[in-house]
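Below, each chain spelled out in residue letters.
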Amino acid sequence: LPLRELLQRRLKLSIPIFWGQWGGPLPRKRPLATVVGRPIAVPGPAQVGGEVDEALVDRVHSEYVAAVRRLFEDYKEAAGYGDASLEVLSASEPAGVKKKQ
């Protein structure tokens, strides 16, 4: 990498190193599983610009999280995550998939 560093200093620009497919910027091919669940009915607002009903937001959020958990459990084996568990965190923390240890 000394040549790369020398060029970066002389040209005053960063030269990225690609680690994708064929050493280029294309990502490596990975299987991608997409699952779509049933729609969740959300009633519209009583009036445009009106106050938000926090109880409604909490109820719909709970339904959404339950549906995502159900989808994950139903399809994790087919997607190659049979030994994983889904952890849903609060809004201030990122959500993710953790491998069982």
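Above this text sits the structure in question.
Caption draft 1: Layout of the overall build of the chain. The helix and strand tally for the chain stands at two helices and two strands. Taking all 101 residues of the chain together, the buried fraction comes to 10%. Excluding contacts between residues fewer than 6 apart, the proportion of contacts in the chain whose partners are at least 24 apart in sequence is 14%. Approximately 9,200 Å² of the chain is accessible, and the part contributed by carbon and sulfur atoms is 59%.

Caption draft 2: Representation of the layout of surface pockets within the structure. Its boundaries defined by the atoms lining it, the largest pocket holds a volume of some 360 Å³. Along its surface, the largest pocket is lined by 14 residues, and A33, T34, V35, A79 and Y81 are the ones closest to its centre. If one sorts the elements of the lining of the largest pocket by residue count, helix α2 (residues 54-75) sits on top with four residues. Considering only residue class, the lining of the largest pocket consists of twelve nonpolar, one polar and one charged. Each pocket or cavity is described by its volume, and for the second largest pocket that value is around 270 Å³. Together, G37, R38, P39, I40, E63, Y64, A67, V68, R70, L71 and D74 line the second largest pocket. A breakdown of the residues in the lining of the second largest pocket according to their chemical character gives six nonpolar, one polar and four charged.

Caption draft 3: How the structure looks around the pattern of salt bridges. One pass over the structure, following the stated rule, counts two salt bridges. Here E63 and R59 are joined by a salt bridge, their closest N and O atoms 2.5 Å apart. One end of the pair, E63, and the other, R59, are both in helix α2, four residues apart, so they sit about a helical turn from each other. The class for E63 is partly exposed, based on a relative accessible area of 31%. In this structure, E73 and K76 form a salt bridge, with 3.2 Å as the shortest nitrogen-oxygen distance. The class of K76 is buried, set by a relative accessible area of 11%.

Caption draft 4: Spotlight on a nonpolar patch on the surface. A grouping of L3, L6, L7, L11 and L13 is seen on the molecular surface, where their side chains present a nonpolar patch of about 470 Å² in accessible area. The class of L6 is partly exposed, set by a relative accessible area of 39%.

Caption draft 5: The arrangement of unusual backbone geometry in detail. The phi angle at K12 is positive, at roughly 60°, despite the residue not being glycine. Relative to the assigned elements, K12 resides in the loop between α1 (2-11) and α2. Overall, K12 belongs to the exposed group, its relative accessible area being 72%.

Caption draft 6: Region of the structure containing α1. Counting buried positions over the ten residues of α1 gives one, only a small fraction of the element. K12 occupies a position one or two residues after α1 and carries a positive phi of about 60°.

Conventions used here
Residues numbered from 1 in each chain as written. Predicted model: local features only at pLDDT ≥ 70, side-chain atom pairs only at ≥ 80, totals over all residues. Heavy atoms only, no water. Helix = DSSP H or I, 4+ residues; strand = E, 2+ residues; numbered from the N terminus. Buried < 20%, exposed > 50% of the residue type's maximum accessible area, 1.4 Å probe, protein only. Contact = heavy atoms within 4.5 Å. Areas by Shrake-Rupley, 256 points an atom, 1.4 Å probe, with all protein chains shown as cover. 1 Å grid on protein atoms, 1.4 Å probe; cavity = no way out; pocket = protein on both sides within 12 Å on 5 of 7 lines; lining within 4 Å. Points joined across faces, edges and corners; volume = space filled by probe spheres on them. Nonpolar A, V, L, I, M, F, W, Y, C, P; charged D, E, K, R; others polar. Salt bridge = Lys/Arg side-chain N within 4 Å of Asp/Glu carboxyl O. Patch = residues over 30% accessible without salt bridge, like charges linked within 9 Å, V, L, I, M, F, W, Y side chains within 5 Å.

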